[in-house]
Amino acid sequence: MVNILDSYNKNAPSAQATIDLFKDQWSSKLPEIDGSEVKSGGAGLFDDARIKMMHEQFPLDGKNVLELGPLEGAHTYMIEHFNAADIVAVESNSNAYLKCLIVKELYHLVHTSFLFGDATEYMERCNRSFDICLASGILYHSQAPGKFIETISKISERVFIWTHFYDLDAIKKTPDVLKKFNGKSTETTLGFSYEINRYEYGEALNWEGFCGGSASFTSWITKPSMLEILDRCGYKKINILFEDYKHPNGPNICLFASKF
């Protein structure tokens, strides 16, 4: 039985005590606070080369940014430090959202609004546009990736994407990834029909720090289909920054796309 009194902190407030509200559930390595290290995760997302590439492709100073799936606010933190004027970050995982709020408080993010809800549902109801959309680590968690890209295109003329994609030859070299795929289906976006491949999260759903999509499975798209949909959505300028076919979690791509 849970004792409600165990939820109280009877010590002086500290950054570590706040972070430990999600002890052993952090993916990111949080930066030092007041010159002291804090215990969190191990991934270097608060100093991510991909976000530096985004800033090189399209300087973020004074820009309005839509971030989809901020996870723990690491990329948001970097975007603030690149002097973006306004950041809207939409997160549907309740634990991840609360971790974002912890990061916002501990690192004094003053230009960011974290919103709790589904990214596609937000974009479909959004009545504003953004200078750029950041979609890092979210497309391969979508059950309808083509629709996801199309929805982005309606509110932003630029998009920066990092995502895994389906490439059977590459995935065959990582058996642990291959065994998670279970069937194929067809999706149609803007008159273009293409194959999507069902990916089962499996045991990952049992981890309290799970950071995937909102269902037990998701859909991976192929790289050619993704590029075709971006083109049909009006993103005529597509700059592929890198591709990695040997990643242990599956092949991935990083790109910047613009309508002009």
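As the structure is a computational prediction, the values presented were derived from the model and not from experiment. (Residues numbered from 1 in each chain as written. Predicted model: local features only at pLDDT ≥ 70, side-chain atom pairs only at ≥ 80, totals over all residues. Heavy atoms only, no water.)

J.: Would you mind going over the sheet that holds strand 7 (residues 192-200) with me for this structure?
T.: Backbone-to-backbone hydrogen bonds join strands into a sheet, with any given pair of strands oriented parallel or antiparallel. With antiparallel pairing, three strands are arranged side by side in an open sheet as 6-7-8. Every other strand in the sheet has two partners, leaving strand 6 (181-189) and strand 8 (217-221) as the edge strands with one partner each. Taking the axes of each pair of neighbouring strands and ignoring which way they run, one obtains an average angle of 35° across the sheet. Here strand 7 runs beside strand 8; their pairing, made up of five bridges, is antiparallel. Looking at strand 8, one finds that Ile-196 is bridged to Ile-221. Here helix 6 (residues 145-153) sits on the sheet and contacts strand 6, strand 7 and strand 8; the angle it forms with strand 6, its principal contact strand, is near 40°. Together, strand 6, strand 7 and strand 8 form the strand contacts of helix 9 (residues 223-232), whose direction differs from that of strand 7 by roughly 130°. (Pairing = 2+ DSSP bridges. Helix = DSSP H or I, 4+ residues; strand = E, 2+ residues; numbered from the N terminus. Axes fitted to C-alpha atoms, helices over the stretch in contact; angles between N-to-C directions. Contact = heavy atoms within 4.5 Å.)

J.: Help me understand the packing of aromatic side chains in this model?
T.: Centre distance and the angle of the planes are the two values used to describe a pair of aromatic rings. Scanning all chains against the criterion turns up 13 aromatic pairs. Ring centres of Phe-181 and Tyr-199 lie 5.3 Å apart, and the angle between their planes is 75°; on these two criteria the pair is classed as edge-to-face. In this pair, Phe-181 is assigned in strand 6 and Tyr-199 in strand 7, connecting sequence segments 18 residues apart. Here Phe-181 matches Tyr-199 in class, with each residue buried. Residues Tyr-199 and Tyr-201 carry aromatic rings whose centres are separated by 6.0 Å and whose planes lie at 80° to one another, so their mutual orientation is edge-to-face. The class for Tyr-199 is buried, based on a relative accessible area of 11%. A connected cluster of aromatic rings, assembled from ring pairs, spans Tyr-140, Trp-162, Tyr-166, Phe-181, Tyr-199, Tyr-201 and Trp-220. Above the plane of the ring of Trp-26 lies Lys-99, whose end atom (NZ or CZ) is 5.4 Å from the centre. (Phe/Tyr/Trp six-rings, centres within 6.5 Å; stacked < 30°, edge-to-face > 60°. Buried < 20%, exposed > 50% of the residue type's maximum accessible area, 1.4 Å probe, protein only. Lys NZ or Arg CZ within 6 Å of the ring centre and 35° of its normal.)

J.: It is not clear to me how the pattern of salt bridges should be interpreted in this structure. Could you clarify?
T.: Oppositely charged side chains are able to pair whenever their charged atoms sit close together. Taken as a whole and assessed by the stated rule, the structure comprises twelve salt bridges. We note a salt bridge from Arg-50 to Asp-48, for which the minimum N-O separation is 2.6 Å. Accessibility classification places Arg-50 together with Asp-48 in one group, the buried group. Between Glu-243 and Lys-223 there is a salt bridge, and its shortest N-O distance comes to 2.7 Å. (Salt bridge = Lys/Arg side-chain N within 4 Å of Asp/Glu carboxyl O.)

J.: Can you help me understand helix 4 (residues 94-106) in this one?
T.: Helix length check: helix 4 (13 residues) gives 19 Å between terminal C-alpha atoms against 18 Å at 1.5 Å per residue, within 8%. Looking at helix 4, one finds that the buried residues are Ala-96, Tyr-97, Lys-99, Cys-100, Ile-102, Val-103 and Leu-106. Elements that come into contact with the buried residues of helix 4 comprise helix 1 (15-19), strand 2 (86-91) and strand 3 (112-116). Capping of helix 4 at its N-terminal end is provided by Asn-93; its side-chain oxygen lies 3.0 Å from the backbone amide nitrogen of Asn-95. (Expected span 1.5 Å × (residues − 1). Polar contact = N/O pair within 3.5 Å; in protein donor to acceptor, adjacent residues only side chain to side chain.)

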